[in-house]
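In case you want the letters, here they are:
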Amino acid sequence: MASDTRMNDVREDLVVVPLSHPWRWISGAVIVLVLAGLGWSMSEAQIQWEDVPGFFTHPVMLEGLLNTIVLALAAQGGAIVLGVVVALMRLSANPVARWFAVGYIWLFRGLPVLLQILIWFNLALVFQNISIPGLFSVPTNVVMTAFVAALLGLGLNESAYMAEIVRAGLSSVDEGQTEAAKSIGMTPLTTLRRVVLPQAMRVIIPPTGNNFINMIKGTSMASVIAFTELIHAANNISSRNLEIMETLFAAAAWYLVMVSLASIGQHYLERAYGPR
Amino acid sequence: MALVEAIGVRKSFGHTEVLKGIDLEVERGEVVCLLGPSGAGKSTFLRCVNHLETIDAGRIWVDGVPVGFRAAGGKLYELRERDAARQRRDVGMVFQRFNLFPHRTALENIMEGPVQVLGRRKAEVGAEALALLERVGLAEKAGSYPAQLSGGQQQRVAIARALAMKPKLMLFDEPTSALDPELVGEVLDVMTSLARDGMTMIVVTHEIGFARSVADRVVFLVDGAVVESGTPSDVLDNPQQPRTQQFLAKVL
Ligand SMILES: Nc1ncnc2c1ncn2[C@@H]1O[C@H](COP(=O)(O)OP(=O)(O)OP(=O)(O)O)[C@@H](O)[C@H]1O
Ligand SMILES: [Mg+2]
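Residues numbered from 1 in each chain as written. Chains lettered and ligands numbered in written order. Predicted model: local features only at pLDDT ≥ 70, side-chain atom pairs only at ≥ 80, totals over all residues. Heavy atoms only, no water.

## Topic: the overall build of chain A
Going by this rule: Strands are runs of DSSP state E lasting at least 2 residues, helices are runs of H or I lasting at least 4, and numbering of each runs from the N terminus. For the radius of gyration, the atom set is restricted to C-alpha positions; the globular benchmark scales as 2.2 Å times the number of residues to the power 0.38. For each residue, the accessible area found with a 1.4 Å probe, counting protein chains only, is set against the maximum for its type, and the residue is called buried under 20%, exposed over 50%, and partly exposed in between. Contacts are residue-level and defined by heavy atoms, with any inter-residue pair within 4.5 Å sufficient. Only the protein chains shown count as covering a residue, and every accessible area follows the Shrake-Rupley method with a 1.4 Å probe. His residues and chain termini do not enter the charge count, which takes Lys and Arg as positive and Asp and Glu as negative. To locate a charge, take NZ of a lysine, CZ of an arginine, CG of an aspartate or CD of a glutamate.
For chain A, the helix and strand inventory stands at twelve helices and two strands. Mapped in sequence order, the helices and strands of chain A form the string α-α-α-α-α-α-β-β-α-α-α-α-α-α. Taken over the C-alpha trace, chain A has a radius of gyration of 28 Å; the compact-globule value for 276 residues is 19 Å, which it surpasses by more than 25%. Considered along the principal axes of its C-alpha atoms, chain A spans approximately 100 × 70 × 30 Å. In chain A, which comprises 276 residues, the proportion classed as buried is 36%. Within chain A, contacts between residues at least 6 apart in sequence are counted, and of these 75% link residues at least 24 apart. Roughly 16500 Å² of accessible area belongs to chain A as shown, and the carbon and sulfur atoms make up 68% of that amount. Averaging the coordinates of the 15 positive side-chain charges in chain A and doing the same for the 17 negative ones gives two points 15 Å apart.

## Here's the deal with the UniProt feature "domain: ABC transporter" (unreviewed entry) in chain B
Stated formally: UniProt positions are given in the numbering used here, feature names are shortened, and annotations may be inferred rather than shown by experiment.
When the UniProt feature table is mapped to this numbering, "domain: ABC transporter" (unreviewed entry) covers residues 4-248 of chain B. The span residues 4-248 of chain B is 37% helical and 28% strand by assignment, and the distance between its end C-alpha atoms comes to 27 Å.

## Concerning the layout of surface pockets
All names here are of chain A. Spelled out, the test is: Of the grid points, spaced at 1 Å and generated over the protein atoms alone, those admitting a 1.4 Å probe that cannot get out make up cavities, while open sets with protein on both sides within 12 Å along at least five of seven lines make up pockets; any residue with an atom within 4 Å of a point is treated as lining. Grid points are joined across faces, edges and corners, and a volume is the space filled by probe spheres set on the points. The nonpolar class holds Ala, Val, Leu, Ile, Met, Phe, Trp, Tyr, Cys and Pro. Asp, Glu, Lys and Arg form the charged class, and all remaining residues, Gly among them, are polar.
For the largest pocket, the calculated volume is near 750 Å³. Elements with a minimum of two residues in the lining of the largest pocket: α8 (146-172), α9 (175-183) and α10 (188-218). Looking at side-chain class alone, the lining of the largest pocket contains nine nonpolar, four polar and six charged residues. By volume, the second largest pocket is sized at about 330 Å³. Around the second largest pocket, the lining is made up of 16 residues, and of these I80, I205, T208, G209 and L269 lie nearest the centre. Broken down by element, the lining of the second largest pocket gets its largest block of residues, seven residues, from α10. Tallied by class, the residues present in the lining of the second largest pocket amount to eleven nonpolar, five polar and no charged.

## Focus: the interface of chain A and chain B
For clarity, the cut-off: Summed over both partners, buried area is the accessible surface (1.4 Å probe) that two parts give up on being assembled. Should a side-chain nitrogen of Lys or Arg be within 4 Å of a carboxyl oxygen of Asp or Glu, the pair is scored as a salt bridge.
With 20 residues of chain A at the contact, the number on the chain B side is 25 residues. Taken over both partners, the interface formed by chain A and chain B buries close to 2000 Å², and the fraction arising from carbon and sulfur atoms is 57%. The tally of links between chain A and chain B comes to two salt bridges. A salt bridge links A:R194 to B:E112; the shortest N-O distance between them is 2.7 Å. Its residues assigned to classes, the side of chain A that touches chain B shows seven nonpolar, seven polar and six charged.

## Some thoughts on α10(A)
What counts here: Under the convention used throughout, the expected extent of a helix is 1.5 Å for every residue step, that is, one less than its residue count. Bend, at a single residue, is the angle you get between axes fitted to the 7 residues ending at that residue and the 7 residues starting at it.
Here α10(A) is 31 residues long, yet its end C-alpha atoms lie only 36 Å apart, well below the 45 Å a rise of 1.5 Å per residue gives. The largest bend in α10(A) amounts to roughly 45° and is located at A:R202, with the proline A:P206 lying one to four residues further along.

## A word on the UniProt feature "domain: ABC transmembrane type-1" (unreviewed entry) in chain A
Here, UniProt's "domain: ABC transmembrane type-1" (unreviewed entry) annotation points to residues 65-266 of chain A. Taken as a whole, residues 65-266 of chain A contains 78% helix and 4% strand, while its terminal C-alpha atoms sit 21 Å from one another.

Quick look at the structure:
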């Protein structure tokens, strides 16, 4: 029978020829060549590489770094709190709250961050005072510093994204979990805190980590209103010595350091809330 | 007075009336099995008893307290969710799909209610929770997460979790329907011993054998109404209503 002969053939000692992968070798070689070329042109470029470390630790640069970190953390932290609130409104039984949440997300997600920062910063042009009648009143230009304007612009925009992320996370938790929590007498708040949120975290953390990395870089937009974050700091330094590229590279190195640290933090958070 | 008194309970979802005036009394220590075809409203009724659904008409009293209301000055005030939660402490519920908290171990699942809801001390609750695990035959699984347990084991932990609140009444909604046949027995054994210990139970089930041997009373529900009710031997062996006869002919 035909199948029998084939079986017999296989039983002979046949030499195995592994599949060769010529394209892996070729494409690998091309990548190495391109990188070598880039490295060579960098070393040939008109850059004072030896000045970069100095700018990296320049006091003005460090002040910019600190401001960038504070702004990013404050904006992201505020956005998470607001995002949870708006997500809860979006999911609530109250139709007014639901519509408010939809409108909130529509507005703050719909406008460019840069535009929002500029609007907050220039608020004093249209509202001289910020006040609640009978309670307090303060001049707008005293309150609306560059930091506050950047915080509002970045934080409110981010809170709209966080609301959607949190909503997706909360909705991903099975209805049966809430019912089980109710059946042992948990109040809605305890149910949220002990049962729903911890499980929603698995869905919430990865996109929040991505957004935070974006937030770190997004703080650079505050440079347009002269807030001394990293880029504005770099410009301050280079406006005196004209070493524009060198200071920008030093700032770039700080961004990469911050983003790397954020990625590592995200990794550990994801592991802490990972599946059991 | 009976532990559970349901009078004229009605419930609609949209335009479909799912419960059409249910009357049911359950005495202390009594085990009542709810039987009936799919869509009869068995789950819905059970959920109403635990106020997971609000009822449109009628009244349910558990241990003299109107479910979902506070009686004062001849009026019934609808409860806020916080206060409704307080009422649910006294009623345990076991679900078809277990609904254990997946991010907590078996022991933590059981401790969650007493610690978070009753505010009791962890050390003291831990010992009780271990004793409960022992009672459902899972002492060695204390540190396991739900995903590491079989369906039958998860359901037994779920029963222990409900018992940890020391409920006056236990509700079971098809507790064995999601289980492989060989795991059904271990869960029914736990429920049988619970019944023997005097727990008041309302059990929705398709396990006729369990109803026959454990139930004090069998209630047959069709299309949101009680069709027939009586001792297991009356209803199961000698059904009077044609709907009951049809259903039993299919199930047995
Ligand atoms: N939340 C809901 N919204 C709309 N309809 C519902 C809802 N819950 C239940 N129903 C409907 O109510 C009817 C009774 O449902 P219920 O789950 O109480 O039946 P059951 O007797 O438990 O059936 P089964 O044996 O299939 O579990 C069904 O027609 C169902 O579709
Ligand atoms: Mg059901």
